[in-house]
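# Overview (structure and organization)
In case you want the letters, here they are:
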Amino acid sequence: MPRLSEFYGIVIYMYFADHNPPHFHAIYAEHEALVRIDDGSAIRGSLPRTAARLVEQWRTLHLDELTANWTLAQEPAALSGIDPLQ
């Protein structure tokens with residue numbers, strides 16, 4: 001599972017050939033959430049409030065890159081890293 005980004009202790013991953021809807025995995029300590037790319041809702045799991053807010057800010061800034069990586073992951077092809085939240 002390629003690591004796309006890491007910021008403030010949150011790590012963002014995306015699996016190759018993963019199930020729909022398009023999403024990424026956000027992991028913070030012992031918490032994990034599968035987050036939809038299109039609207040930011042949690043498909044499964046949850047993050048603490050502050051971590052969830054940071055992930056949402058990051059997702060909003062990088063929608064195009066996340067969508068492009070999802071397409072590549074379905075092929076599967078190498079994914080591109082995404083800048084962390086600053």
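Now for a quick tour of the structure. (Residues numbered from 1 in each chain as written. Predicted model: local features only at pLDDT ≥ 70, side-chain atom pairs only at ≥ 80, totals over all residues. Heavy atoms only, no water.)

## As for the pairing of strand 3 (residues 23-28)
Alignment of strand 2 (residues 10-13) against strand 3, held across four bridges, turns out to be antiparallel. Paired with Ile-12 across the strands is Ala-26, a residue of strand 3. Pairing between strand 3 and strand 4 (residues 31-36): six bridges, direction antiparallel. Looking across to strand 4, one finds that His-25 is bridged to Leu-34. Following strand 3, the chain reverses through two residues before pairing antiparallel with strand 4; Ala-29 in that reversal takes a positive phi of roughly 55°. (Pairing = 2+ DSSP bridges. Helix = DSSP H or I, 4+ residues; strand = E, 2+ residues; numbered from the N terminus.)

## What about the environment of Asp-38?
Counting through the fold element by element, Asp-38 comes out in the loop between strand 4 and strand 5 (42-45). Within the local environment of Asp-38, its side chain forms a polar contact with the side chain of Arg-36, the two groups lying 2.6 Å apart. (Polar contact = N/O pair within 3.5 Å; in protein donor to acceptor, adjacent residues only side chain to side chain.)

## Re the sheet that holds strand 5
An order of 1-2-3-4-5 is seen for the five strands of this open sheet, with the pairing classed as antiparallel. The outermost strands of the open sheet, each flanked by one partner alone, are strand 1 (3-7) and strand 5. Each adjacent strand pair in this sheet contributes to an overall mean axis angle of 20°, direction not counted. (Axes fitted to C-alpha atoms, helices over the stretch in contact; angles between N-to-C directions.)

## Some words on the packing of helix 1 (residues 49-61) against helix 2 (residues 63-74)
Between helix 1 and helix 2, the shortest axis-to-axis distance is 5 Å and the interhelical angle comes to 80°. In terms of orientation, helix 1 and helix 2 fall into the roughly perpendicular class. Each of Trp-58, Arg-59, Thr-60 and Leu-61 in helix 1 lies in contact with helix 2, whose residues at this interface are Leu-63, Glu-65 and Leu-66. Taken together, the residues of the contact of helix 1 with helix 2 sort by class into four nonpolar, one polar and two charged. (Parallel < 35°, antiparallel > 145°, perpendicular 65-115°, else oblique. Contact = heavy atoms within 4.5 Å. Nonpolar A, V, L, I, M, F, W, Y, C, P; charged D, E, K, R; others polar.)

## A look at the packing of aromatic side chains
Under the counting rule described, the total for this entry stands at three aromatic pairs. Judged by centre distance (5.6 Å) and plane angle (80°), the ring pair of Phe-24 and Trp-58 falls under edge-to-face. With Phe-24 in strand 3 and Trp-58 in helix 1, this pair connects stretches of sequence that are 34 residues apart. Note on Trp-58: relative accessible area 0%, which makes it buried. The structure contains a cluster of three or more aromatic residues connected by ring pairs, namely Phe-7, Tyr-8, Phe-24 and Trp-58. (Phe/Tyr/Trp six-rings, centres within 6.5 Å; stacked < 30°, edge-to-face > 60°. Buried < 20%, exposed > 50% of the residue type's maximum accessible area, 1.4 Å probe, protein only.)

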